[in-house]
Amino acid sequence: QLGLGGLVTDGSVRDTDEILSYGFPCFSHSTTAKQGPAAMQPWECNGVIELGQTNPVVVRPGDAIIGDQDGVVVVPAAAAEKVYEIAHFRETVEGIIKEELVKNPGPPGKYYPFKPPIKPESPLGKLLDSKGVKYYSTRAAPAPRRSTPARFGSGRRQLSTAPPTMRAVVIRENGPAESLKYETGFPTPSLADGQVLVKNEYTGINFIDTYFRKGGPAYTQQLPFVSGQEGGGTIVDVTPKAAAAGLAAGQRVAYSVLGTYCEYTAVPAAKVVQVPDGVGLEQAVACMTQGFTAHYLTNHAHAGLVKPGEWMLIHGVGGGTCQWAAQM
């Protein structure tokens, strides 16, 4: 109504869905779910998101987004400065080439492609020398020599020990609690690269599970599906990208993804939390949904309005989330 070009706030935005429907960009410290009985769960904080449909890009907390007029890339924070240096150098070279072609028109192809290393005797090398620009090379360092021959089969993905089917509590139609059906031959989930397969020892039962069972706005899943929001157990299968993230078969882990009322769950590596030896798996699983929700509500949801030393009234400490909150 006021013709705003956008909204930036260091606080929280209430009814975010409504704000986004206005069609302008919104940047806020945090968000809350649209108010109403069917959407009282807080939005995810510091989670992993996937952008795009055809070639999706995964963005993790701490990643850097580097861009120019040609597009953007998402890189881990540890590599952000290096990527920026490469991109900035290429922009500098582009500017020098353009300036030269304006002064001395000619075919631009003689300067392209300028993939490193740039040879000093090339037209581009001579041009950069005349401008006093130091060449930049992104050639990868040679692979280190192995002191011993690689073992045959090393680096291969291990064969899974999971059976083709599993026991699960399945929802084949939305409705009351009677919609939950125990099945003994439900397909064991297959893995996409970047995931691990967890053999569950514990699964949590949470109030939000009833929303998915009933269906409705924001909670509709393709049928049939396995409900449950948190689980934990032992990794039995690892994909190459998950292994590169430090995960391995035999590790005790907890996680929070949809689909835990079953023997095996496929979990993205970024959603896995390794459980230390001194922590019971049941305690670790119990904190994945209720514990993190309580932490979010007491530390982030109010954008700093709740400060140390102040009193906080917690309703219903008989519930799991409020029991966690009362201890925070």
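Each chain has its residues counted from 1, following the order in which its sequence is written. Owing to the predicted nature of the model, reporting of local features is limited to residues with pLDDT of at least 70; listing and counting of side-chain atom pairs is limited to 80 or more, with chain, interface and lining totals taken over all residues. With hydrogens and water excluded, all non-hydrogen atoms of the structure serve as input to the side-chain values.

Engineer: What is the right way to look at the overall build of the protein in this model?
Structural biologist: In this description a helix means any DSSP run of H or I spanning at least four residues, a strand means any run of E spanning at least two, and both kinds are numbered starting from the N terminus. The helix and strand tally for the protein stands at 7 helices and 14 strands. Scored against the burial criterion, the 328 residues of the protein give a buried share of 30%. A fraction of 54% describes how many contacts in the protein between residues 6 or more apart in sequence connect residues 24 or more apart. Exposure classes here rest on a 1.4 Å probe applied to the protein chains alone. A residue is buried below 20% of its type maximum, exposed above 50%, and partly exposed in between. It only takes one pair of heavy atoms within 4.5 Å for two residues to be counted as in contact.

Engineer: Where do I start with the packing of helix α2 (residues 77-103) against helix α3 (residues 123-131) in this structure?
Structural biologist: For any two helices packed against each other, one specifies the crossing angle of their axes together with the interaxial distance. Orientation is described by axes fitted as lines to C-alpha atoms, over the contacting stretch for helices, and by angles from 0 to 180 degrees between their N-to-C directions. At a closest axis distance of 11 Å, the pairing of α2 and α3 adopts a crossing angle of 95 degrees. On the basis of the axis angle, α2 is roughly perpendicular to α3. Together, Val93, Ile96, Ile97, Glu99, Glu100 and Lys103 of α2 and Leu124, Leu127, Leu128 and Lys131 of α3 make up the contact between the two elements. Only Asp, Glu, Lys and Arg are considered charged in this grouping, and only Ala, Val, Leu, Ile, Met, Phe, Trp, Tyr, Cys and Pro are considered nonpolar; every other residue, Gly among them, is considered polar. Within the contact of α2 with α3, the residues separate by chemical class into 6 nonpolar, no polar and 4 charged. Roughly parallel means an angle under 35 degrees; roughly antiparallel, over 145; roughly perpendicular, 65 to 115; everything else is oblique.

Engineer: How should I be thinking about the packing of aromatic side chains in this particular structure?
Structural biologist: Remark: the centre distance and the inter-plane angle together describe each pair of aromatic rings, the angle taken between the planes. Pairing of aromatic rings covers Phe, Tyr and the six-membered ring of Trp, with a centre-to-centre limit of 6.5 Å; geometry is then stacked below 30 degrees between planes, edge-to-face above 60, and tilted otherwise. The tally for this structure, following the rule as stated, stands at 3 aromatic pairs. With 5.4 Å between their ring centres and 75 degrees between their planes, Phe207 and Tyr211 make a pair best called edge-to-face. With a relative accessible area of 13%, Tyr211 lands in the buried category. Ring centres 5.0 Å apart and planes at 45 degrees place the aromatic pair Tyr211 and Tyr219 in the tilted group. For the pair shown, Tyr211 and Tyr219 are each scored as buried. In textbook terms, an aromatic cluster arises when at least three aromatic residues are bridged by ring pairs, as seen for Phe207, Tyr211, Phe212 and Tyr219.

Engineer: Any chance you could explain unusual backbone geometry here in plain terms?
Structural biologist: With the exception of glycine, most residues fall at negative phi, and the peptide bonds are largely trans. Each neighbour pair has its own omega, and for Leu223 with Pro224 the value is -10 degrees, a cis peptide bond. In this fold, Pro224 is placed in the loop between α4 (208-214) and β10 (225-226).

Engineer: Please clarify how the pairing of strand β9 (residues 195-203) should be interpreted in this entry.
Structural biologist: Consecutive side chains along a regular strand alternate between the two faces of the sheet. Bridge count for β9 against strand β13 (residues 264-268) is 5 bridges, and the pairing is antiparallel. Considered in β13, the bridge of Lys199 is made with Tyr264. By this definition, two strands are paired if DSSP reports at least two bridges between them. Note: β9 against strand β11 (residues 231-238), 7 bridges, orientation antiparallel. Within the sheet, the bridge partner assigned to Val196 lies in β11 and is Val238.

Engineer: Help me out: how do you make sense of the nonpolar core in this one?
Structural biologist: Within soluble globular proteins, side chains that are nonpolar generally end up buried alongside one another. In terms of nonpolar packing, the biggest core is built from 13 residues, with Met166, Ala168, Phe186, Leu197, Val226 and Tyr264 touching the most fellow members. At the level of elements, β7 (165-171) and β13 are the ones that each hand at least two residues to this core. For this core, the element with the most residues is β7, which contributes 3 residues. Grouped together as the second largest cluster of nonpolar side chains are 12 residues, Ile235, Val238, Ala242 and Leu247 included. Side-chain atoms within 4.5 Å are what join buried Ala, Val, Leu, Ile, Met, Phe, Trp, Tyr and Cys residues into a set we call a nonpolar core.

Engineer: So what exactly am I meant to see when it comes to α3 here?
Structural biologist: Since the α-helix turns once every 3.6 residues, residues separated by three or four places project in the same direction. Considered for burial, the residues of α3 that qualify are Leu124, Gly125, Leu127 and Leu128. Seen along its axis, α3 keeps its buried residues to an arc of 165 degrees; they face one direction. Exposed residues pointing more than 90 degrees away from the buried face of α3 are listed as Lys126 and Ser130. Elements that come into contact with the buried residues of α3 comprise α2. Gly132 occupies a position one or two residues after α3 and carries a positive phi of about 70 degrees. Each direction from the helix axis to a C-beta atom contributes to the arc, which is the arc of those directions.

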